[in-house]
Amino acid sequence: MASEDVKTSKSAVSTIVNLAEEAKLAREGVKAPSYAILSICKSLVAGGVAGGVSRTAVAPLERLKILLQVQNPHSIKYNGTIQGLKYIWRTEGFRGLFKGNGTNCARIVPNSAVKFFSYEQASKGILYLYQQQTGNEDAQLTPLLRLGAGACAGIIAMSATYPMDMVRGRLTVQTESSPYQYRGMFHALSTVLRQEGPRALYNGWLPSVIGVIPYVGLNFAVYESLKDWLIKSKKFGLVEDSELSVTTRLACGAAAGTVGQTVAYPLDVIRRRMQMVGWKDAASVVTGDGRNKAPLEYTGMIDAFRKTVRHEGFGALYKGLVPNSVKVVPSIAIAFVTYEMVKDILGVEMRISD
């Protein structure tokens, strides 16, 4: 009995010590491993939901943007936002407006999840290094540091899911009259791999990497900086209980999307055109019809820039900008707000600096 009492006492003491240690870690801002894993999972889920919801909401404009970016300049079928949407509706019906969206969601859910998670982790790492360097434990992320964290997140997420983005571009351009039909994402991936080799899955990767730095970097930097400025300055009476309303956060997301997409758009056009290279049974949208039929051929990013400007003028680098502008503002805004709302529902802390 005595030995059992001793064991019980030791167990009780051990439990009290463990609880005290966990409380100490909590006060110091260190999360228990199980809580950290749960927090990571919730962050990934929130990012995935945000990506899927935002892309589906603007899928018709996304498809039209890509069609305008890659269509043969000698065989124009899509000429403007309203005309383009009407043409798709007339020739392909309602389903045509959402062609490629399934693949886009299959890509964007993991992409968005990895992007938001990578941004939070990169922000924490950069903030820690910044605080150590300055010797100020209360230091906060500057807009430039947020830009760096956003760029890191964009490159990681884009590289991880790029093959899906490549085949998504081709599926989106494909029409009912295309000479060869990809039956879906996996069929497209296997067909490109078999006919063009593994390198073809990364056609246009370089301009994507270069473009993602200002695009994603500015998105996060502008969004977070605007939020912080509005909360700290309490401008325009938009802050309620140290929080911004959903409408205000939508406006911040819209501003972030507008800045990012305007700077990076020419690289997005080049990326899409390079993704079509090597597609021997390319859709007529890309190759043109009749005597004008010819595949796109580029030896690299610089060559694609040079040929596009030489044959179509500087304005060709902004083909599809109007539907993209109409699309990107609500898309980015919905993504940020959905992400924050899902994280709030799941009980995940949003503030990087907390």
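As a reminder, the structure under discussion sits directly above these lines.
Residues numbered from 1 in each chain as written. Predicted model: local features only at pLDDT ≥ 70, side-chain atom pairs only at ≥ 80, totals over all residues. Heavy atoms only, no water.

Asks: It is not clear to me how the overall build of the protein should be interpreted in this structure. Could you clarify?
Replies: Along its length, the protein carries 12 helices and two strands. Along the chain direction, N to C, the helices and strands of the protein fall in the order α-α-α-α-α-α-α-α-β-β-α-α-α-α. Considering the protein as a whole, with its 354 residues, one finds that 48% of them fall into the buried category. Pairs at least 24 residues apart make up 77% of the contacts formed inside the protein by residues separated by at least 6 positions. Total accessible area computed for the protein in this model is approximately 17,600 Å², and 63% of it derives from carbon and sulfur atoms. (Helix = DSSP H or I, 4+ residues; strand = E, 2+ residues; numbered from the N terminus. Buried < 20%, exposed > 50% of the residue type's maximum accessible area, 1.4 Å probe, protein only. Contact = heavy atoms within 4.5 Å. Areas by Shrake-Rupley, 256 points an atom, 1.4 Å probe, with all protein chains shown as cover.)

Asks: What should I look at first to understand the nonpolar core in this one?
Replies: A general feature of soluble globular proteins is that nonpolar side chains tend to end up buried together. Y78, V167, V173, V192 and W279 are the most contacted members of the largest nonpolar core, which has 29 residues in total. Contributing elements (two or more residues each) for this core: helix 3 (59–70), helix 4 (81–97), helix 6 (143–173), helix 7 (185–196) and helix 10 (284–287). Here this core takes seven residues from helix 6, the largest share from any one element. Not counting residues up to four positions away in its chain, the partners in contact with V167 are T103, M185, A188, L189, V192 and L201. Residues A50, Y119, F220 and Y339 belong to the second largest nonpolar core, which totals 20 residues. (Core = buried A, V, L, I, M, F, W, Y, C linked by side-chain atoms within 4.5 Å.)

Asks: Is there a simple way to explain a nonpolar patch on the surface in this structure?
Replies: Taken together, Y202, W205, L206 and I210 make up a surface patch of nonpolar side chains, about 350 Å² in accessible area. Summarising the element assignment, W205 is placed in helix 8 (residues 205–233). Among the residues examined, W205 registers a relative accessible area of 33% and is labelled partly exposed. (Patch = residues over 30% accessible without salt bridge, like charges linked within 9 Å, V, L, I, M, F, W, Y side chains within 5 Å. Salt bridge = Lys/Arg side-chain N within 4 Å of Asp/Glu carboxyl O.)

Asks: How do you make sense of the packing of helix 3 against helix 4 when you look at a structure like this?
Replies: Each pair of packed helices can be summarised by the angle the axes make with each other and by the distance between the axes. Two numbers describe how helix 3 lies on helix 4: the axes approach to 10 Å, and their chain directions differ by 115°. By the angle between their directions, the pair helix 3 and helix 4 is classed as roughly perpendicular. Like other packed secondary-structure pairs, helix 3 and helix 4 cross with a definite hand, here right-handed. In this structure, helix 3 uses A59, P60, L61, R63, L64 and L67 to contact helix 4, whose residues at the interface are T81, G84, L85, I88, E92, G96 and L97. (Axes fitted to C-alpha atoms, helices over the stretch in contact; angles between N-to-C directions. Parallel < 35°, antiparallel > 145°, perpendicular 65-115°, else oblique. Left-handed = near helix turned anticlockwise from the far one by under 90°.)

Asks: Before we go on, may I ask you to explain the packing of aromatic side chains in this structure?
Replies: The geometry of an aromatic ring pair is captured by the separation of the ring centres together with the interplanar angle, meaning the angle of the planes. On inspection of all chains with the given rule, the structure shows seven aromatic pairs. Geometrically, the ring pair formed by W89 and F94 is edge-to-face, given 6.2 Å between the ring centres and 85° between the ring planes. With respect to class, W89 is no different from F94; both count as exposed. On the numbers, 6.1 Å between centres and 20° between planes, the contact of Y265 with Y318 is stacked. Of this pair, Y265 sits in helix 9 (residues 246–275) while Y318 sits in the loop between helix 11 (301–312) and helix 12 (321–346), placing them 53 residues apart in sequence. Residue class for Y265 comes out buried when judged on its relative accessible area of 2%. On the basis of relative accessible area, Y318 is assigned to the partly exposed category, the value being 29%. Ring-pair connections join several aromatic residues into one group, and the members of that group are W89, F94 and F98. (Phe/Tyr/Trp six-rings, centres within 6.5 Å; stacked < 30°, edge-to-face > 60°.)

Asks: Help me understand the pattern of salt bridges in this model?
Replies: Pairing between side chains of opposite charge can happen when the charged atoms of each approach one another. Inspection of the entire model under this criterion finds 18 salt bridges. Between E92 and K99 there is a salt bridge, and its shortest N-O distance comes to 3.1 Å. Residue classification places E92 among the buried residues on the basis of a relative accessible area of 15%. Judged by relative accessible area, which is 21%, K99 ranks as partly exposed. Two residues, R271 and D268, come together in a salt bridge whose shortest N-O distance is 2.3 Å. Residue R271 and its partner D268 are both found in helix 9; the two are separated by three residues, about one turn of the helix. Residue class for R271 comes out buried when judged on its relative accessible area of 13%.

Asks: Whenever I open this one, helix 8 confuses me. Can you help?
Replies: Each α-helix winds once per 3.6 residues, and so residues spaced three or four apart point in a common direction. Helix length check: helix 8 (29 residues) gives 41 Å between terminal C-alpha atoms against 42 Å at 1.5 Å per residue, within 8%. Of all the bends in helix 8, the greatest reaches close to 35° and is centred on V212; the proline P214 follows between one and four positions later. (Expected span 1.5 Å × (residues − 1). Bend = angle between axes of the 7 residues up to and from the residue.)

Asks: Can you walk me through the side chain of T81 in this structure?
Replies: Mapped onto the elements of the fold, T81 is located in helix 4. Note on T81: relative accessible area 15%, which makes it buried.

Asks: Teacher, can you tell me more about helix 7 here?
Replies: When the terminal C-alpha atoms of helix 7 are compared, their 16 Å separation across 12 residues agrees well with the 16 Å that a helix rising 1.5 Å per residue should span. Those residues of helix 7 that sit buried are M185, H187, A188, L189, T191 and V192. Buried residues belonging to helix 7 abut helix 5 (101–134) and helix 6. Immediately beyond the C-terminal end of helix 7, within one or two residues, lies G197, with a positive phi of roughly 90°.

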